[in-house]
Amino acid sequence: STLTQQLVKNAFLSRDKNYFRKSREMIGALFLNLMYSKDSQLTWYLNVVEFGPKVYGIDKAAKYYFQKNVSELNRRDCVV
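Just so we're clear, the structure is a prediction, and the values are computed from it rather than from any experiment. (Residues numbered from 1 in each chain as written. Predicted model: local features only at pLDDT ≥ 70, side-chain atom pairs only at ≥ 80, totals over all residues. Heavy atoms only, no water.)

S.K.: Can you help me understand helix α1 (residues 3–12) in this one?
M.R.: All buried positions along α1 are accounted for by Thr4, Gln5, Leu7 and Val8. On an axial view of α1, the arc spanned by its buried residues comes to 155°, and they lie on one face. Buried residues along α1 sit against α2 (19–35) and α3 (38–48). (Buried < 20%, exposed > 50% of the residue type's maximum accessible area, 1.4 Å probe, protein only. Helix = DSSP H or I, 4+ residues; strand = E, 2+ residues; numbered from the N terminus. Arc of directions from axis to C-beta. Contact = heavy atoms within 4.5 Å.)

S.K.: Looking at this structure, how should I read the pattern of salt bridges?
M.R.: Close approach of charged atoms allows side chains with opposite charge to pair. In this structure the tally under the stated criterion is 3 salt bridges. Between Lys22 and Glu25 there is a salt bridge, with its nearest N and O atoms 3.1 Å apart. Of this pair, Lys22 and Glu25 are both found in helix α2, 3 residues apart, which corresponds to roughly one turn of the helix. For Asp77, the salt bridge is made with Lys68, and the minimal N-O distance between the two is 2.7 Å. Of the residues examined, Lys68 reaches a relative accessible area of 24% and is grouped as partly exposed. Linked by salt bridges that have partners in common, Arg21, Lys22 and Glu25 make up one network. (Salt bridge = Lys/Arg side-chain N within 4 Å of Asp/Glu carboxyl O.)

Next up, the structure:
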């Protein structure tokens, strides 16, 4: 699935795996593409995605894995 579909799934839908949820995911992605730029979608995605067990969002991931604020991450941190 696309990043936009993953954003819809993570932000709005349940974790159930079925065709009904997948169709809602695709419809939601179409609406998000009409309403938000890809940059906005990526920013939103990075703030809701799970980076580890109960670690949601890039800010919490930076603190969890590197004990840093996200603004303090360097390139090496970002590719590890």
